[in-house]
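Architecture at a glance
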Amino acid sequence: MKAVVYERYGTPDELVLKEIERPVPKDNEALVRVHAVSINSWDWDMLRGRPYIVRMWGLLKPKYQIPGADIAGRVETVGKNVAKFKPGDEVFGDLCENGWGGFAEYVCARDDALALKSPRMTFEEAAAIPQAGLMALQSIRDKGETNPGKCVLINGAGGGVGTFAVQIAKTLGAEVTVVDASHKLELLKSIGADHLIDYRKTDFTKNGKLYDLIVDVVARRSVFEYKRTLNPGGIFLMVGGTGSAIIQAMVFGPLISQSPKGKRLGILAHKPNKGLDAMNEFFESDKVKPVIDRVFPLDEVADAFAYYGSGRFKGKVVVRCV
């Protein structure tokens, strides 16, 4: 089978399409014919080996040499202990706790890393959902406690997590403000954003507006700046950010969260694959749709990663494997 392999950290040029042996599923695994796989920030970070926290998956060279976590495809065979799926089932899921390996024609996945996809979804749409969609769902609905009338701000809203978060927040009845580069704002307006902020022109922590929930996908500010931008009882959740921002949130977030005004600041503890059925329901009711910028063929995966790394993309970048 064909698979994209990289043996050292670096640029997209390290990604090489090779012929390797097709994997054999263990007793609790399904062999999936991968139809599509999407790129997430973790894939980009693991390719580069930066920030260095990603080197927990290999200090000097990558432990998992076939990248890719978010897959969609069709079950080929199943191990003897797999009862949830059968050959021919169309599935999707996040393999970040399952050895990665999505940028390939076939991959083995534990049955708890997969769910049946909506038959209305294309494989490309399904592959765009698992990580980004569930980070959005868990931050907006589950941890963010969003309900009608809440004021929600999403910073870095033009990528995968943000475009899902906007739609989920609007579905739950929130008033949504988005922050991103100017070329992404019209798209965000078209999927429901109420207020648009160009981060190059306006600092949302200094314009006097207060929010019930702030979800930051690209956090780089002091936690104290976020604190002053929250309403009493408000919540700040970091989904992604710089190393210094993560450390600050880990150290000071719990202390600030004990303040009398009840503001809560923390980092989203992402739970892979928890909520895929809800995303199916949102999709089937036409409330939440993946925003896909471009689809690349498997033999152009280096170009797909280079495009992702440029930051120009809107929503998700997807690779078609068949």
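The preceding data block contains the structure.
Only a predicted model underlies this, so the values are computations on that prediction, with no experimental measurement involved.

1. Looking at the sheet that holds strand β13 (residues 264-267)
Reading across the sheet, the six strands line up as β10-β9-β8-β11-β12-β13 and stay open at both edges, with parallel pairing between neighbours. Only two strands of the sheet have a single neighbouring strand rather than two, namely β10 (195-198) and β13. Across this sheet, the average inter-strand angle for adjacent strands is 15°, counted without regard to direction. Here strand β11 (residues 211-216) pairs with strand β12 (residues 230-238) via five bridges, running parallel. Residue pairing for β12: tyrosine 211 is matched across the bridge by leucine 230. Sheet strands touched by helix α3 (residues 130-143): β8 (151-155), β11 and β12. Its angle to β11, the strand with the most contacts, is close to 160°. In the packing of helix α4 (residues 160-171) onto the sheet, the strands contacted are β8 and β9 (175-180), and the crossing angle to β9 comes to about 165°.

2. Things to note about the pairing of strand β15 (residues 316-320)
Summarising burial for β15: four of the five residues are buried, a large majority. Both strand β3 (residues 29-38) and β15 contribute to a ladder of three bridges, which runs antiparallel. Across the sheet, valine 37 pairs through a bridge with valine 319, a residue of β15. Judged from the five bridges that link them, strand β14 (residues 292-297) and β15 form a sheet pairing that is parallel. Note that in β15 the partner of isoleucine 292 across the bridge is lysine 316. Running through helix α9 (residues 301-310), the crossover from β14 to the neighbouring parallel element β15 is right-handed.

3. A short note on the environment of aspartate 299
Inspection of the secondary structure puts aspartate 299 in the loop between β14 and α9. Aspartate 299 sits in the exposed class, given a relative accessible area of 58%. Residues aspartate 299 and valine 4, spaced 295 residues apart in sequence, show a C-alpha to C-alpha distance of 8.4 Å.

4. Examining the pairing of strand β5 (residues 90-94)
Extensive coverage of β5 is indicated by the burial of four of its five residues. Two elements, strand β4 (residues 70-78) and β5, share five bridges in a ladder whose sense is antiparallel. Note that in β5 the partner of aspartate 70 across the bridge is aspartate 94. Judged from the two bridges that link them, β5 and strand β7 (residues 115-116) form a sheet pairing that is antiparallel. Paired with valine 91 across the two strands is leucine 116, which belongs to β7.

5. Side note on helix α5 (residues 182-190)
Within an α-helix, residues lying three or four positions from one another point in the same direction, as the helix has 3.6 residues per turn. Those residues of α5 that sit buried are Lys184, Leu185, Leu187 and Leu188. Looking at the buried side of α5, the elements it contacts are α4, β9 and β10. At the exit of α5 stands glycine 192, carrying a positive phi of roughly 120°.

6. Looking at α9
Along α9, the residues that are buried comprise Val301, Ala304, Phe305, Tyr307 and Tyr308. For α9, the arc enclosing every buried residue in end-on projection is 160°, short of the 170-degree limit, so these residues lie on one face. Taken together, the buried residues of α9 touch β1 (2-5), α1 (41-48), β14 and β15. Among the residues trailing α9, glycine 311 stands out with phi positive, at a value near 80°.

Conventions we followed
- Residues numbered from 1 in each chain as written.
- Predicted model: local features only at pLDDT ≥ 70, side-chain atom pairs only at ≥ 80, totals over all residues.
- Heavy atoms only, no water.
- Pairing = 2+ DSSP bridges.
- Helix = DSSP H or I, 4+ residues; strand = E, 2+ residues; numbered from the N terminus.
- Axes fitted to C-alpha atoms, helices over the stretch in contact; angles between N-to-C directions.
- Contact = heavy atoms within 4.5 Å.
- Buried < 20%, exposed > 50% of the residue type's maximum accessible area, 1.4 Å probe, protein only.
- Right-handed = clockwise from strand over helix to strand, strands pointing away.
- Arc of directions from axis to C-beta.

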